Amino acid sequence: MTEFGKNPDREWLKQRIIGVSICIIFAFSVLFLRFTYLQIIKGEEFRLLSEKNAVRLTSIKAPRGLILDRDRKLLVDNRPSFNLKIMLEDAGNVKETVHKISQMIDIPFEELMKKISDAGQGAFYKPVTLQDDISRDHLAIVEAHKFDLPGVFIDIEPTRHYIYKKIASHLLGYLGEVNNDELLSGKYPNVKSGDSIGRYGVEKSFEPYLQGKRGGRQIEVDANGRTIKVLKTVEPITGLDLKLTIDLDLQQTAEKMLEDKHGAVVALDPNTGDVLVMASAPGFDQNDFVGGINSKKWKALMSDRGKPMTNKAIQGEYPPASTYKIITSIAALEEKEIDIHTTAFCPGFFRYGNRVYRCWNKNGHGNVSVIEAVTQSCDVFYYQAGDKVGVDTLAKYAMGCGLNKKTGVLLEDERKGLIPTSLWKKKRFNEAWHRGETLSIAIGQGYDLVTPMQMAVFIAAVGNGGTLYKPRIVSGIEGSQGNLIKEIPVEVTGKLPAGKKTLEIIQKGLLGVVENDRGTAKRIRLKHVKIAGKTGTAQVFSVKSGEKLKTEHLDFYLRDHAWFICYAPAENPVIAVSVLIEHGAHGSTAAAPIAGALIGQYINDPSAEGLEKNSSEDETQE
Amino acid sequence: MFDRRLIENFDWGFLIVIFSICCIGLVVLFSALTAGQEAGAVSSLFKKQMVWMGSGFIIMIVLTMVDYRELDKLQLFIYAFCAGLLVIVLIFGQISGGSRRWLAIGFLRIQPSELMKIALIISLASAYSTSVTQTGINFRKLIKPAVLSLIPFALIVDQPDLGTAMLLILIAGSITLFVKVERKVFFSLFITGLSAIPLLWFMLKDYQKDRILTFLNPDRDPLGSGYHIIQSKIAIGSGMLSGKGFLKGTQNALSFLPEQHTDFIVSVLAEEWGLMGISVLLILYFILLLWGLNIAYNCRNMFGSILAFGIIAMIFWQIFINTGMVMGLMPVVGVPLPLVSYGGSSVTTNMVGFGILLNISMRKFSSH
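Student: When you look at the overall build of chain A in this model, what are you seeing that I'm missing?
Tutor: Each helix and strand counted, chain A has 21 helices and 23 strands in total. Looking at chain A as a whole, 44% of its 622 residues are labelled buried. Long-range pairs, those at least 24 residues apart, make up 72% of the contacts in chain A between residues at least 6 apart in sequence.

Student: Teacher, can you tell me more about the overall build of chain B here?
Tutor: Helix and strand counts for chain B come out as 14 helices and three strands. The burial tally for chain B puts 48% of its 368 residues in the buried class.

Student: For this particular structure, what's the right way to read the interface of chain B and chain A?
Tutor: Interface size is commonly expressed as the accessible surface area that is lost when the partners come together. In this complex, chain B contributes 46 residues to the contact, which on the side of chain A involves 41 residues. Going through the elements one at a time, α10 (225-238), α11 (250-253), α12 (265-298) and α13 (302-326) of chain B are the ones with two or more residues in the side of chain B that touches chain A. Ranked by residue count, the leading element in the side of chain B that touches chain A is α12 of chain B, at 11 residues. Here the residues of the side of chain B that touches chain A sort into 27 nonpolar, 17 polar and two charged.

Student: Which parts of the structure should I look at to understand the sheet that holds strand β9 (residues 227-234) of chain A?
Tutor: The strands that make up a sheet pair up through hydrogen bonds in the backbone, lying either parallel or antiparallel. Residues and elements named next belong to chain A. The strand order across the open sheet formed by three strands is β1-β8-β9, and the pairing between neighbours is antiparallel. On the outer flanks of this sheet lie β1 (55-60) and β9, each paired with one strand and no other. The mean inter-strand angle of the sheet, taken between neighbouring strand axes irrespective of direction, is 30°. Examined bridge by bridge, β1 and strand β8 (residues 215-221) share six bridges and lie antiparallel to one another.

Student: Please clarify how helix α6 (residues 139-157) of chain B should be interpreted in this entry.
Tutor: A turn of α-helix holds 3.6 residues, and therefore any two residues three or four places apart point the same way. All names here are of chain B. End to end, α6 covers 25 Å across 19 residues, agreeing with the expected 27 Å (1.5 Å per residue, within 8%). At Pro145, α6 shows its largest kink, close to 25°. All buried positions along α6 are accounted for by Pro145, Leu148, Ser149, Pro152, Leu155 and Ile156. Elements in contact with the buried residues of α6: α4 (69-92), α5 (112-129) and α7 (162-179).

Student: I keep staring at the sheet that holds strand β22 (residues 561-568) of chain A and nothing clicks. Help me out?
Tutor: All names here are of chain A. If you walk across this open sheet you meet the five strands as β12-β11-β23-β22-β21, and the pairing is antiparallel. This sheet does not close on itself; its edge strands, each paired only once, are β12 (275-281) and β21 (532-538). Taking each pair of neighbouring strands and ignoring which way they run, the sheet shows an average axis angle of 5°. Packed onto the sheet, helix α10 (residues 248-258) meets β11 (263-268) and β12 and runs at close to 25° relative to β12. Against the sheet, helix α21 (residues 587-603) touches β11, β12, β21, β22 and β23 (575-581), its axis set at about 30° to β22.

Student: Is there a simple way to think about the nonpolar core in this case?
Tutor: What tends to happen in soluble globular proteins is that the nonpolar side chains get buried as a cluster. Formed by 129 residues in total, the largest nonpolar core has its most connected members in Val266, Ala267, Val277, Ala591 and Leu598 of chain A. Domain assignment of the residues forming this core places at least three in each of domain 1 (56-244) and domain 2 (317-616) of chain A. Ignoring anything within four residues of it in the chain, the contact list for Leu598 of chain A reads Leu250, Thr253, Ala254, Ala267, Val277 and Val577 of chain A. Listed in part, the 109 residues of the second largest apolar core include Val28, Val179, Ala270 and Ile360 of chain B.

Student: I tried to follow the pairing of β22 of chain A on my own but got confused; where do I start?
Tutor: Within a regular beta strand, the side chains point alternately toward one face of the sheet and then the other, so they alternate between its two faces. Residues and elements named next belong to chain A. Of all eight residues that make up β22, eight are buried, and the element is covered over most of its length. Residues His561, Trp563, Ile565 and Tyr567 point to one face of β22 and Ala562, Phe564, Cys566 and Ala568 to the other, with burial holding for every one of them. Where β22 lies against β23, seven bridges are found, and the strand directions are antiparallel. Residue pairing in the sheet places Phe564 in a bridge with Val579 of β23. Counting the residues that bridge the hairpin from β22 to β23 gives six residues.

Student: What exactly am I supposed to notice about unusual backbone geometry here?
Tutor: What you tend to see is this: most non-glycine residues have negative phi, and most peptide bonds are trans. Residue and element names in this part refer to chain A. Here the amide bond leading from Ala281 into Pro282 is cis, since omega sits at -5°, within 30 degrees of zero. With respect to the element layout, Pro282 can be found in the loop between β12 and α11 (295-303). In this structure, the amide linkage connecting Ala568 to the following residue, Pro569, adopts the cis form with an omega of -10°. Note that Pro569 resides in the loop between β22 and β23. The backbone phi angle of Asp260 is positive, close to 65°, even though this residue is not glycine. Mapped onto the elements of the fold, Asp260 is located in the loop between α10 and β11. C-beta crowding within 10 Å serves as the criterion here: with 8 such atoms nearby, Asp260 is assigned to the exposed category.

Student: What am I meant to see in the environment of Ala590 of chain A here?
Tutor: Secondary-structure assignment places Ala590 of chain A in helix α21. With 27 C-beta atoms packed within 10 Å, Ala590 of chain A lands in the buried category.

Student: Can you help me understand the confidence of the model for chain B in this one?
Tutor: Do not read the predicted coordinates in detail wherever pLDDT is low. All names here are of chain B. Summary statistics for chain B give a mean pLDDT of 86 and a share of 89% for residues scoring 70 or more. In the model of chain B, α11 stands out as the element of lowest mean pLDDT, 65, in contrast to α12, which has the highest, 95. The ipTM, which scores confidence in the relative placement of chains, is 0.93 for this predicted complex, and the corresponding pTM is 0.69.

Student: Explain the packing of α5 of chain B against helix α14 (residues 344-362) of chain B to me, please; I cannot follow it from the model alone.
Tutor: Angle between the axes and distance between the axes are the two parameters that describe a pair of packed helices. All names here are of chain B. Orientation of α5 relative to α14, taken along the N-to-C sense of each, is 15°, at an axis distance of 9 Å. Classified by the angle between their axes, α5 and α14 sit roughly parallel to one another. At the point where α5 passes α14, the crossing takes the right-handed sense. Of the residues in α14, those in contact with Glu114, Leu115, Lys117 and Ile118 of α5 are Ser345, Ser346, Thr349, Val352 and Gly353.

Student: So what exactly am I meant to see when it comes to the environment of Thr421 of chain A here?
Tutor: Residue and element names in this part refer to chain A. Mapped onto the elements, Thr421 comes out in the loop between α16 (391-400) and α17 (422-429). According to the C-beta neighbour criterion, Thr421 is buried, with 20 such atoms within 10 Å. Considering only alpha carbons, one finds Thr421 and Leu394, 27 residues apart in sequence, at a separation of 8.6 Å. Discounting residues that sit within four places of it in the chain, Thr421 has contacts with Val391, Asp392 and Ala395.

Student: Help me understand the confidence of the model for chain A in this model?
Tutor: For chain A, the mean per-residue pLDDT works out to 87, and 93% of the residues sit at or above 70. Counted against residues more than four places away or in other chains, residues 614-622 of chain A, with its pLDDT under 50, gives 20 contacts.

Student: Please explain the packing of helix α13 (residues 325-334) of chain A against helix α15 (residues 379-389) of chain A as it appears in this structure.
Tutor: Residues and elements named next belong to chain A. Interhelical geometry of α13 versus α15 gives an angle of 50° and a closest axis separation of 9 Å. Taken together, the axes of α13 and α15 lie oblique to each other. As α13 runs across α15, the sense of the crossing is left-handed. Contacts from Lys325, Thr328, Ala331 and Ala332 in α13 reach Tyr382, Ala385, Gly386, Lys388 and Val389 in α15. Residues belonging to the contact of α13 with α15 are distributed by class as follows: five nonpolar, two polar and two charged.

Student: Would you mind showing me how to read the environment of Ser369 of chain A here?
Tutor: Residues and elements named next belong to chain A. By secondary structure assignment, the location of Ser369 is in strand β16 (residues 366-369). Along the backbone, Ser369 and Phe381 are 12 residues apart, and their C-alpha atoms lie at a distance of 8.1 Å. Apart from residues no more than four positions distant in its own chain, Ser369 is found in contact with Ile340, His341, Thr342 and Thr343.

Reading guide: rules and limits
Residues numbered from 1 in each chain as written. Chains lettered and ligands numbered in written order. Predicted model: local features only at pLDDT ≥ 70, side-chain atom pairs only at ≥ 80, totals over all residues. Helix = DSSP H or I, 4+ residues; strand = E, 2+ residues; numbered from the N terminus. Buried ≥ 20, exposed ≤ 12 C-beta atoms within 10 Å, placed from the backbone. Contact = placed C-beta atoms within 7 Å. Nonpolar A, V, L, I, M, F, W, Y, C, P; charged D, E, K, R; others polar. Pairing = 2+ DSSP bridges. Axes fitted to C-alpha atoms, helices over the stretch in contact; angles between N-to-C directions. Expected span 1.5 Å × (residues − 1). Bend = angle between axes of the 7 residues up to and from the residue. Core = buried A, V, L, I, M, F, W, Y, C linked by C-beta atoms within 7 Å. Domains from an automatic or database assignment. pLDDT = per-residue confidence, 0-100. Parallel < 35°, antiparallel > 145°, perpendicular 65-115°, else oblique. Left-handed = near helix turned anticlockwise from the far one by under 90°.

As C-alpha cells, this is what we get:
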C-alpha cells in the first residue's frame, strides 16, 4: 500500500489514538477498582490489622551440618538452645517485666536493661535477646510465669555441640559470631548479624557447606505479641554433613597419650593420604566458644606458653633432626655419591677443617653402611654423605620429598617450613654458604624446619613406594540422609625423587630402627606387626661441648624436641605416623611409644598395650 | 530566531498538570522520608529531590527551544552515545544492591539505562516514521527496530536490571503496535515471542530465574517480597476513604513498608490520604496521558506523533507497573512512580520526556 510520507493520515492517526485511549481508560479503571476494593471493601479489615501491627516476620535458624568420623560416629551435632527474648512493643511496662525476669534467671536488672538499650532505637519492633541459652531450670520458671511477662518469649534455636570434649579441637575448629566487616564483604550472603560462622578448623574451611539457609515465618500476633496463627512458613535448609577421614578411637588414644605434653601426632593412610589422626597438644574445649567465649578464658588461652590455639600438626615448624637423614640418604644414593656397600668409619666424631663434629654416640659406631647408618642414626656417616652431596642438591631432594611447601590440607594457615639453599642464605643474610653448615643440614639441624604433617606425608610415601598424597581430612559432603553430595577425591601431589632400589635400601634401614637390636627404637617392637621408622632429637638449646648436662637439669623450654616418624606393617603399610613431642628430649622415649601404641591399636596388636606407660624410662639412645 | 508563535502556543495546561503531580509527589515524599529516615537525612533527601525537580523543569524548558525535528537527525548519535554509556557501566559501573547500574562522573551519579529509554524512543520514532503504511509494518521493516531494541535490552539485562529491561521492551512493543504491523507479522511475532520464553529461561542464571519465579508468585518468597506486598496492602487498605491524615500513617511510620520513598511510595499516599488522595493522583495522571495523546494527534509530522506516543507509553507503563505492584496485581519490580518516587535519574528522564512533548505541542501548526 501507499506510504504516508512525512505527514500522517488524519483518519489513520485518529483511529490509532482512540485505540490507545481505550486501553488507557481500561487500565486506569482496573487500578481504580483495585484501590476501591482494598480501601473501601476490605478497608475496615486492613485498618484493624494496621492498628495491631499484627503481621510479623520471624526468622528460623538453620541447623548446621553434622561432622562425622570415618566410621560415621558423630563428632559434632546441634543441641537446642533456649534463648530468652523480649518484644518491647508488646511488653507494656518494660522495667517491671525486666525486673521480674531478672529475679527469675538470676541476672542483674541493670545488665538486662543494658542489653535493651544497646539494641538501639530500631529494636522496638524487633525482638531483643535478654539471655542466650538459659538453663532448663530457668526455662521452667519463665514458662510457668509466661502470662505475667507480656512480650517475653523463648526462642528455641539449634546451637553447636561438640560431643567429645577437647578431642580434635584444632581439626574441628569452632564458631564465632559474624562481624560487621564480614557481613559487608558479601562473602556470606545467607548470614545475618548475630549468626555464627566457622572461625577455625573444618568449621571454617567448609563453612559454605555446613552453613545451611535460614527460613522464616509470617505470623499474625495478638495485642500481647503472642502468635495467633502462622500465615506462611519457609522451612530452613539444614547444612550439609561432613564425613571426616579421622578415626575417632585412634584420635582419642593419641590425645590421651599427648595429655600433659606439648606436641602433635598425625597418622595417615599411606595409600590414600587420609588423615586418621590429627592431634595437637595442649588443646582447648570448643564448647567454650559456643555463644561467645568469655574474655578471661580467651586471655588464658592466648597467654599459655604451650600455645593451645596453634595446630602444631600443620603450624608447628621444627628442625627435622635425624628424621632428615632419610632424605640425605636418598640424595646421596640417587646422586651415586654412595651405594649400598659404601661404608664410613665412625670413631664418635668427625673432624672437618679445624672443627670437630660429634656423633650422638661418643663411643662411635665403627664401620657403618647406609643401612646401618639409618638404623643406628650415625651422624658421622651423614656428615660425610652430606658434604659429598652439597647443600643445594640436598635441598632439591628435600623439596622433591614435599618439604618447603604446604601439603595442601584443607585447613587455614598451614605453614611450609624451611629448607635452606645457598641462594636463600645469600638473600636472607647476605652471606655465603659455609660447607660446614651443610654438615648440620645433613643431620636435620641448622636452618631446616618442617611440620609434623609434612613428615607424615613424606614417611607415608617412603612406605607406599614413593607416592606423595595430599592429606585428606574430609572424604565426602553428605545430605542429611547420608546421601553423598560431593566427594572429595584422593589427590596425588607427586613422587619421591627416589628409584625403587634406593627406596628398598631406605626401607631396610628403617625396619632395622625397630627390628634390629642396635636400632634406636627397638623398644617399641611389637609381636605381630613390623614397624619401620626413624627417630629424631631436635636441639633447641646447644650444650657447650664437654659440658654434659642431664636432660632433667635443663629448663623445660630448653629441652630437645623428640621426633618419631614411621609406617606399618613394614611390608605393606596401612598406617603412617608422625609424632613430635616438644621438649620431649629423646625420639626413642618420648615420641616412638605413642606411634607404637597407635599402630598396635589400629592393626590390632595387643603387645602394644604396655607402650603407653613406659615412655618415662630414661635411655640415652638417640 | 525564536518564533513568537511558539510562545503563544506554549502548552501551559500541560505544564500545570506536571507541576501539580510534582507537588503531590513532594508532600508524599515528605511523609515517607519522615518515617523512614533520620531527621538529618529527611531534609537532605527532600532538598535533593527538590533540586532534581527544579533542574528538571529547567531542562524541560531548555528542550522546548530546539525544534524536536532536530532529534530525528541526531537520533543515531544519541542512541550510540547512550548504548556506549551502557557498555561503560557494565565495565566500570558502581555496584549497588547486587547490580551495576550507576556511573559516577565527578559528583554526578547517572543511570545510563534511564537515558536509554528516551534514546530508544527517539530512534524507534525515526525508524518507523519512514516505514509506516496503511496496512502495517512488514517483516523486513521490522528488523531495524528489533535490533535497536534488543541491544540495550541485552545490556540492561546483564547489569542485571530486569525492571528497566522489561520496561524497555514494553515501550518498544507499544510503539510497534501503535504504528500497526501487518496481521501475519503480528501473529508470528506473538508466536515467536511465546516460543522464545523457554529459550530465554535457559539463558538466565539461577538467581535471575529465582527472581522471576518470585515476581510471578510472591508467595514463593513470603519472607521477602511476599511480606512486602502484605504490608503494602495493609497500608493501602487501612487508608480507607479519607486516609489517616498527613504524617499519621502507622504502617509508614513503623517502617513496615520496604523502599517507602521509592518503589512503594504510593502505599504511603494511600494510607495517609485514602481513596480520595489516590483518586486525585490517578485523575492527574489520566489527564497527563490523554493530554499527551492529544499532542500526538495534533502533530502534523509522523516522527513527532510517534515520538509523543512513545513518551506517553513510557509514562503509562511506569504508572501501571508501579501501582499494580504495590497492590499485589503485579510482580515486585523496581519501577519508580513518575514524579512521585524519590530518585534523580527517574525525575530527570521523565522531565526530558515532558520537555519533548511540550516541544511537539508548541510546533503543532508548523509543518514541513
